[in-house]
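Examining the three-dimensional arrangement
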Amino acid sequence: MTRRICFVLPCALLSSFVLSGSAAAQSPSGTPGLTSTAVMSGRDLTWDMAFLPDGTMFFTEKCSGLSVRLPSGKINALLGIKDSKNYPDTASDLFCGGQAGMYGVAIDPDFATNRFIYVSSASSMTAPGTNRVLRLTVSPDLTKVSNRQDIVTDIAYKPAASNHPFGDPGAHNGGRLRFGPADGFLYVTTGDTHNGEVPQSPTRIGGKVLRIDRDGKAAPGNNPPQGFDARVFTYGHRNPQGICFRPGTNQPYTAENGPWHSDEVTALTAGGNAGWDPRPNIGGRGDCPDNYCGYSPNQMGAMEPKERSAFMPMTDTKTYPNAMKPAWNNDMLSQGMSSCVFLNGPQWKEWNGRMVVTFMGIGIHGTPVGNRLDVLDIKPDGSSATRTTVSLPMPAGRFRSVVQAPDGSMYVATDQGDVYQLKPI
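The shown structure was predicted, so the numbers you read here are calculated from the model rather than taken from an experiment.

**So, the pairing of strand S27 (residues 419-424)**
With six bridges joining them, strand S3 (residues 34-40) and S27 adopt antiparallel strand pairing. Its bridge partner being in S27, Met40 is matched across the sheet by Val419. Of the pairings in the sheet, the one linking strand S26 (residues 410-414) to S27 comprises four bridges and is antiparallel in character. By the bridge assignment for S27, Tyr411 is matched with Gln421.

**Some points on the confidence of the model for the chain**
Of all residues in the chain, 93% have pLDDT values of 70 or greater, and the mean over the chain is 92. Throughout residues 1-20 the model reports pLDDT below 50, and contacts reaching past four residues in sequence, or to other chains, amount to 42 contacts.

**Side note on the sheet that holds strand S16 (residues 240-245)**
If you walk across this open sheet you meet the three strands as S16-S17-S18, and the pairing is antiparallel. Of all strands in the sheet, those with a lone pairing partner are S16 and strand S18 (264-267), marking the two edges. Within the sheet, the average angular offset between the axes of one strand and its neighbour, ignoring direction, is 20°.

**Structural notes on the packing of aromatic side chains**
By the definition in use, this model includes 13 aromatic pairs. An aromatic cluster is defined as three or more aromatic residues linked by ring pairs; in this entry it consists of Phe166, Trp260, Tyr292 and Tyr295. Here Arg372 stacks its cationic end above the ring of Phe359, 4.0 Å away from the centre of that ring.

**Here's the deal with the nonpolar core**
In terms of nonpolar packing, the biggest core is built from 22 residues, with Phe58, Leu66 and Ile117 touching the most fellow members. For this core, the elements supplying multiple residues, two or more each, are strand S6 (65-69), strand S7 (75-80), strand S8 (102-107), strand S9 (116-123) and strand S10 (130-138). Discounting chain neighbours no more than four positions away, the residues touching Ile117 are Phe58, Leu66, Ala106, Ile107, Phe111, Leu134, Arg135, Leu136 and Val138.

**Considering the side chain of Asp93**
For Asp93, the position within the fold is in the loop between S7 and S8. Given the relative accessible area of 9%, Asp93 is considered buried. Asp93 has contacts with Ala122, Ser123, Ser124, Met125 and Arg148, leaving out every residue within four places of it along the chain.

**Re the pattern of salt bridges**
Taken as a whole and assessed by the stated rule, the structure comprises 19 salt bridges. The partner of Arg43 in a salt bridge is Glu61, and the shortest N-O contact between them spans 3.0 Å. Of this pair, Arg43 sits in the loop between S3 and strand S4 (46-51) while Glu61 sits in strand S5 (residues 57-61); the two residues are 18 residues apart in sequence, bridging distant segments of the chain. Judged by its relative accessible area of 27%, Arg43 is partly exposed. Judged by relative accessible area, which is 2%, Glu61 ranks as buried.

**As for the sheet that holds S10**
Sheet architecture is open: four strands sit in the order S8-S9-S10-S11, paired in antiparallel fashion. With partners counted over all chains shown, the strands left at the sheet margins are S8 and strand S11 (145-155), one partner each. Adjacent strand axes in the sheet meet at a mean angle of 20°, parallel and antiparallel pairs treated alike. Relative to S11, S10 runs antiparallel, the two being bridged by six bridges. Within S11, the residue paired with Val138 across the bridge is Val145.

What counts as what
Residues numbered from 1 in each chain as written. Predicted model: local features only at pLDDT ≥ 70, side-chain atom pairs only at ≥ 80, totals over all residues. Heavy atoms only, no water. Pairing = 2+ DSSP bridges. Helix = DSSP H or I, 4+ residues; strand = E, 2+ residues; numbered from the N terminus. pLDDT = per-residue confidence, 0-100. Contact = heavy atoms within 4.5 Å. Axes fitted to C-alpha atoms, helices over the stretch in contact; angles between N-to-C directions. Phe/Tyr/Trp six-rings, centres within 6.5 Å; stacked < 30°, edge-to-face > 60°. Lys NZ or Arg CZ within 6 Å of the ring centre and 35° of its normal. Core = buried A, V, L, I, M, F, W, Y, C linked by side-chain atoms within 4.5 Å. Buried < 20%, exposed > 50% of the residue type's maximum accessible area, 1.4 Å probe, protein only. Salt bridge = Lys/Arg side-chain N within 4 Å of Asp/Glu carboxyl O.

This is the structure:
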């Protein structure tokens, strides 16, 4: 069978569709329609966004760095990675390569008094490379950052190529940062880096969700198993690029990339195991290429997702009967799930309290590419969900990040460098 891997419309074609003003799309009866305004375009791999109460938006670009967009629309560059241009300051150890670069951004709950923001990034400061969480202090005029403190320095990074799909260095980093709205602690998602040992390891903090204070110390109540790093909140993850919190209960959920199958949304519990274990000779498997079974069997060929899932499950409840079970698994497809947010406010009508998940769109072996936004109605206990696909008022893209702004609107960012504001009508 011919192998088919496709991603999305080429960037040059997509850019011809970018909206300079606003547009509207009607949705099926009972759901809100949306209007769209392009607030930024032509940026470089926009990865994440975080808002101050007045609408000031900090954002990261994977291969450029950290900037801030003021309510007036003016953009101030703040901190560039290695070889970036037109930044007032650059960090020579921060770099972009493969899937690695600058990822998530989060604003301290006490920003008004301490001026702290946080970013995650790949770093070459220590060989052979790590992913790190940096705390920065923002100047009063929002033109500079200073006083860099690396509060997490030992997140796994993939330093060398391996014999896998997407096997380049820098794979599977996680990288999303979010503060818990109830507890005020920072949640950090980390990826398995194509290393079978990492997700279930008690001491290696890839394939995990960390929960830490603003100095990088373990938050109380993480409850990891005995012998685990105290910063670990949950473990056994593959590549969670989304974490968000349900209004009312404030329970955290992850949105996670699947391995040729089963993108998953999962409700997290302190100390929980997400059930991803791609080691050889586990769960009835034998040896696998480069000691990583994450794409097996037949990792470069076409197979039914159910067959793949039976051999290498995203959540292995046979090996780990107490694993956290997903609320939703994208109909067993892998399409590059990346970020999530729970919408909050009566303006969202039936979507109030529901989760939006973004898809970068990865079509594999005939799988639909799937560049889209989905709205999930998740049961209160997190056991199952139903999906509504959003009728987009703007062109589809590789949707990388979604957040709700202080004014109640939704912002989505694409790898093509466009950021859209979506409002319900």
